[in-house]
Structure formats: C-alpha cells, structure tokens
Amino acid sequence: MKHRAMEADPHGSTSAARRPHDSAGLAARRTALQILLRVERDRAFADVLLGRRLHGFAAADRRLITQLVLGSISWQGRLDFELSHYSARPLAQLAPEVLAALRMGLFQVRILSRIPQHAAVDTAVSLTRELAGAAGAGFVNAVLRNTIRIPVALPPRAANETEYLAVAYSHPRWLVEKLIAWFGLPAAESLMAANNQPAPNALRLNLARGTVEDLVARLARDGMTVARRGRFPETVILNGAPVLEGETWRAGFFQLQAEASQLVTRLLAPCAQAFVIDCAAAPGGKATHLAQLIGPNGKILALDLKFSGLINMRSAAARLGHRNLLIVRADTSEPLPVRPRCARFVLLDAPCTGLGTLREHPEIRWRLSAPDIERMAALQKRMLGRAAAAVTAGGVMVYAVCSIAPQEGPEVIGAFLADNPDFKVDQTPPAAEQLKGILDRKGYMRTRPDIDGLDGFFAARLKRCG
C-alpha cells in the first residue's frame, strides 16, 4: 500500500483535489507524512520538499504542514525516547510508515497543545491504514493512546545532566557535549531551545523588478504577507511560509535567502560593476545577490563542483533576470580555473556541517557525527587557500560558514592568517553600520538564533595587503 499511495504524482503528492472526501486537515497531514517519509527514507531535505509541496494549500494548512514536518524532525529525539517506552519492538524495526506516523502523532499530542489529542490520534491512525494497512494502524492507535494516558517523564536532570538535555531539547548527546564545551552550559541550553523554534521566513526582493512597495503588494496578491522589513532594502520577513509556485516566484520577484546569508554578501560589499569570484556558489543564493548588488555591468564568476547545484543556480539566475553570471564547474579545493590575483572581490561560502541552521534543516542534527566537524574544517582550509590565490593586492575576500563550530570558523581563519601574513581581518568593512551588533571586536561576523534571531553564521572579511 505504501507504493500505491505514493504513485499519485512523481513527487509523492496526493492532493486534496484528488481525494474529494478528505478533510483539509487530513490532506495536510498526509502531505506532511509523505515528506517525513522522504526525509527518512531518501535522506532528502525537508525544506526543499516543503517548497515543492505547499502550493495549492491554504495559508493555514501551509503553516500546519511546515510545523508538522520541521517539528517532528526537530523533536525526534524526545519523541523516540517516549515511544521506545511503549513499543514492544525496537523503533528501528518498525516499518518507516508506522514510525513516521507515530512521531508525527506524538508531536501533536505532546508539543502542539492546541491540536485536540483525539484528532491527532485519529488522523495518525487513518494515514497509517492508508500506508501500512490495518495491523499498522492498530499498533499506532494503541501506542498513541498509551502516550495520552501515561506520559513518560524526562530523565532526572540531577542524575545525568547531559542525558537530560539531550532528551529535553532533542539534540544528539555528542552535540550537547560539544555545545557545552564551546559555549558553557547556560548558553548551550539557550541555543538548543532556540534550535527548536521556527526560523523566520526571509525573502530577498528583486528590486530590479520594482519598488519594495510594489513587490510587497504583489506578494500579498500571491497569498504572502510581510511581517516586517529586514536590515537591508531588499530584505523582508513573511508572516507565514512562502509560495514557491505562484506568479511572483515564477516572475523572479524574490529569492528565498535567510537574513544571515544576506549579511555575508553585504559583508563582501562589492562595488558597482565589479568582477567577483564566488567559490562554492551553488545553489546560487549569494551569487544572485551579488549579481543584484554589482548591477548588470558587473560580472560574477560562479564556481561549484556539484552539477545539480549549477543547474539550480542557472535556473535561479534566469528566473531573476541576472545575465551577469558566468557559471563554471570547478573544484575549489583544487587550483581555481583563473589567473592568480585576478579579482578584487572573492567570496568563499564554504561547505560546512550546517550546525547554525538546525531550525530550517533539523534533519542535520540526526545525520552528523562528531568527526564530521574536523573533516569539514580540513576541507575548508584547503578551499580557503585556493580562493585566496585569486585575490589581487588590495582586494578582499569573505570566508563564511553556516556553522557555530569554532573549528569551522575562527580556527580556520586563525590557521590561514598564520600561513598568509599578507592578509589581515578588515575590521571596518563598508557595511559596518548595517552590521552593527553583528561584528565582534576582532571583526568577525557571528550570529546565533538565541542571541539575534538569525541563523548561526560565522564570516570574516580578509584584505590582502601586499
């Protein structure tokens, strides 16, 4: 029954329009469950699937689907801790459809208090029956009703604080230990709590398509409302989820881009008509932002190794109307396909663990392990050395990662500066006023969701002095 239910369209969609007897709530939960199955089974990313599947749902249902998907993944550790007390079989031995339905059902019962418990159980049972048959539905019904009758207590904090924090805030134990070592216990706990909150839905408006007021009005006609403006003229924060299949998206009026990511581009601050090299540029958020900032008479050389990422970047550039991107497949950990010291502006938004983006990408916390941090740091150091070779005398380079791990941020920069004395940190970038409160006394850009509401990024603007 799993395959029959998922064959309705190539992406696994079985919309409310194809099931006329569904309630809107059941259709929304079915979509959420299908996304959760793809994330678990295919190691897909939830935010990408959400972007593809929310079109056609009302705003309230889009919010519900997003909350169910991201919340069930974020709270997976805590949910599994409780479910393991009620399941006679190890959770790893359950059918994926059954386990996903249990997690999503318990998330509604335990975390989303506004949803009636009986409704959460009933819809979980109905969806399990569709995907796993009557036996699976009966098992889900029994387990979830037990969770309502007899909640499981958290581990006692006094006995083992790390275990308590891992369950209470649903982070893997190794990551809890790292966060405490990096930031201390109070800050680590604050950060973990923030990681389980929804991230702001930030858009970067394409001001080549119209004024801010005109674009905001067009967003409203597409079902999106702006909650507030961001730090820059092109930045707005939505009240709810963006609509990625509407007229404004297709016409290139906006691009999805977290505000911290936009800060990185602004930190580079290329001048109009500049030539900029963007290393590791896919999927193109920063590259297209740079293209907007330098104007049509400038040129962006966008490099990346992943062919699929280059295709996505080319599509984004075409949709946004940017014709000043030259897209080249290249491995930035090897010598760049350019002359040495040829560019005044270079950006390296390096591949990283993504530990600063656990709100948007909660699945990351369950896929990473401690050795991944050092592995990524080694790659980042190689890539930074290659990118630096392209910076001309007096030119600048921004190194950035969406990670809060010190090994991927200040330690990479420290090692680079020790080996490259002709570079120094630019502590007074052109955008210093707009970055006020974001730059520390060393000139490093650091953001954290529990401090300023932004994703956890590290960035440094480096200037070549000789």
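Each remark here, short or long, concerns the structure printed above.
Starting from 1, residues in each chain are numbered consecutively following that chain's sequence as written. Local features in this predicted model are restricted to residues of pLDDT 70 or higher, and side-chain atom pairs are both shown and tallied only at a pLDDT of 80 or more, whereas totals for entire chains, interfaces and linings draw on every residue. Values shown for side chains rest on all heavy atoms present in the structure; no hydrogens or waters enter the calculation.

Colleague: I keep staring at the overall build of the chain and nothing clicks. Help me out?
Modeller: Scanning the chain for helices and strands turns up 19 helices and 12 strands. For the radius of gyration, the atoms used are the C-alpha atoms, and the globule rule reads 2.2 Å times the number of residues raised to 0.38. Taking 466 residues into account, the globule formula puts the C-alpha radius of gyration at 23 Å, and the chain, at 23 Å, falls close to it. In terms of overall dimensions, the chain has a C-alpha envelope of 70 × 55 × 35 Å along the principal axes. The classification of residues rests on relative accessible area computed with a 1.4 Å probe and restricted to protein chains. Under 20% of the type maximum is buried, over 50% is exposed, and intermediate values are partly exposed. Burial analysis of the chain (466 residues in total) assigns 55% to the buried set. Counting contacts in the chain only where the partners sit at least 6 residues apart, residues at least 24 apart contribute 72% of the total. Note that accessible areas follow from Shrake-Rupley with a 1.4 Å probe, and for residues the cover is restricted to the protein chains shown. For the chain, the exposed area adds up to about 19,700 Å²; of that, 53% sits on carbon and sulfur atoms. Charged residues are defined narrowly, with Lys and Arg counted positive, Asp and Glu counted negative, and His plus the chain ends left uncounted. By convention, the charge on Lys lies at NZ, on Arg at CZ, on Asp at CG and on Glu at CD. Of the charged side chains in the chain, 59 are positive and 42 negative, and the gap between their average positions amounts to 3 Å. The way it works is that DSSP assigns letters per residue, a run of H or I at least four long becomes a helix, a run of E at least two long becomes a strand, and they are numbered from the N terminus. Contacts: residue pairs with any heavy atoms within 4.5 Å of one another.

Colleague: I'm lost on the packing of aromatic side chains in this one. Help?
Modeller: The geometry of an aromatic ring pair is captured by the separation of the ring centres together with the interplanar angle, meaning the angle of the planes. Classification of ring pairs uses Phe, Tyr and Trp, with its six-membered ring standing for Trp, and accepts pairs whose centres are within 6.5 Å; under 30 degrees between planes counts as stacked, over 60 as edge-to-face, and the remaining range as tilted. Throughout the structure, instances matching the rule amount to four aromatic pairs. A ring pair is formed by W182 and F183, whose centres lie 6.1 Å apart and whose planes are at 80 degrees; its orientation type is edge-to-face. The class for F183 is partly exposed, based on a relative accessible area of 27%. Ring geometry for Y444 versus F458: centroids 5.0 Å apart, planes at 65 degrees, classification edge-to-face. You can see Y444 sitting in the loop between strand 10 (423-425) and strand 11 (445-446) and its partner F458 sitting in strand 12 (residues 458-464), a full 14 residues away along the chain. Each of the two residues, Y444 as well as F458, counts as buried.

Colleague: Can you help me understand the sheet that holds strand 2 (residues 226-229) in this one?
Modeller: Strands belonging to one sheet form pairs held by backbone hydrogen bonds; the direction of such a pair is parallel or antiparallel. One open sheet accounts for four strands, arranged 2-3-1-4; its pairing is antiparallel. Edge positions in the sheet fall to strand 2 and strand 4 (254-256), since each has one partner strand and no second. Between one strand axis and the next, the sheet turns by 35 degrees as a mean value, whatever way the strands run. Here, any two strands with at least 2 DSSP bridges between them count as paired. One ladder, built from three bridges, connects strand 2 with strand 3 (residues 235-238); its direction is antiparallel. Comment: axis = line fitted to C-alpha atoms, over the contacting stretch for helices; angle = value between 0 and 180 degrees taken between N-to-C directions.

Colleague: So what exactly am I meant to see when it comes to helix 18 (residues 410-419) here?
Modeller: An α-helical segment advances 3.6 residues per turn. Residues three or four places apart therefore align on the same side. When helix 18 is considered as a whole, its buried residues turn out to be V412, I413 and F416. Buried residues of helix 18, viewed axially, fall in a sector of 95 degrees; they line one side. What the arc covers is the set of directions going from the helix axis to the C-beta atoms.

Colleague: Looking at this structure, how should I read the environment of L191?
Modeller: Mapped onto the elements, L191 comes out in helix 10 (residues 185-195). Considering only alpha carbons, one finds L191 and L179, 12 residues apart in sequence, at a separation of 8.5 Å. L191 has contacts with L179, F183, I404, R448, P449 and D450, leaving out every residue within four places of it along the chain.

Colleague: Any chance you could explain the environment of G309 here in plain terms?
Modeller: By the secondary structure assignment, G309 is in helix 15 (residues 307-320). Dropping the residues within four chain positions of it, G309 is found in contact with A282 and P283.

Colleague: Explain the nonpolar core to me, please; I cannot follow it from the model alone.
Modeller: Nonpolar side chains tend to gather and get buried jointly when the protein is soluble and globular. Here, nonpolar core means buried Ala, Val, Leu, Ile, Met, Phe, Trp, Tyr and Cys residues that are tied together by side-chain atoms lying within 4.5 Å of each other. Among the nonpolar cores identified, the biggest contains 64 residues, and V346, L348, M397, Y399 and M445 are the most heavily contacted of them. Per-element accounting of this core gives the leading share, seven residues, to strand 9 (residues 391-401). In this structure, V346 is in contact with L268, I277, C279, A387, A390, V391, V396, M397 and V398, ignoring residues within four places of it in sequence. Among the nonpolar cores identified, the runner-up in size contains 50 residues, and A46, L49, M104 and F107 belong to it.

Colleague: Where do I start with the state of the cysteines in this structure?
Modeller: Covalently bonding the sulfur atom of one cysteine to the sulfur atom of another cysteine gives a disulfide. In this description, a disulfide is simply a cysteine sulfur pair whose atoms lie within 2.5 Å. Taken as a whole and assessed by the stated rule, the structure comprises zero disulfides. The thiol sulfur of C279 is not disulfide-bonded, and the nearest other cysteine sulfur, from C342, lies at 9.7 Å.

Colleague: Even after reading the chapter, I still don't get the packing of helix 17 (residues 371-388) against helix 18, so can you show me in this structure?
Modeller: What describes two packed helices is the angle between their axes and the distance between those same axes. Running from amino to carboxyl end, helix 17 crosses helix 18 at an angle of 45 degrees, the nearest separation of the two axes being 10 Å. The pairing of helix 17 with helix 18 is recorded here as oblique in orientation. Both helix 17 and helix 18 take part in a crossing whose hand is right-handed. Residues A377, Q380, K381, L384, G385 and A388 of helix 17 pack against E411, V412, I413, A415 and F416 of helix 18. Under this grouping Gly is polar, as are all residues other than the nonpolar Ala, Val, Leu, Ile, Met, Phe, Trp, Tyr, Cys and Pro and the charged Asp, Glu, Lys and Arg. The residue makeup of the contact of helix 17 with helix 18, split by class, is seven nonpolar, two polar and two charged. Roughly parallel means an angle under 35 degrees; roughly antiparallel means over 145; roughly perpendicular covers 65 to 115; every other angle is labelled oblique. For any pair of crossing helices, the crossing counts as left-handed if the nearer helix is rotated counterclockwise from the farther one by less than a right angle, and right-handed if it is rotated clockwise.

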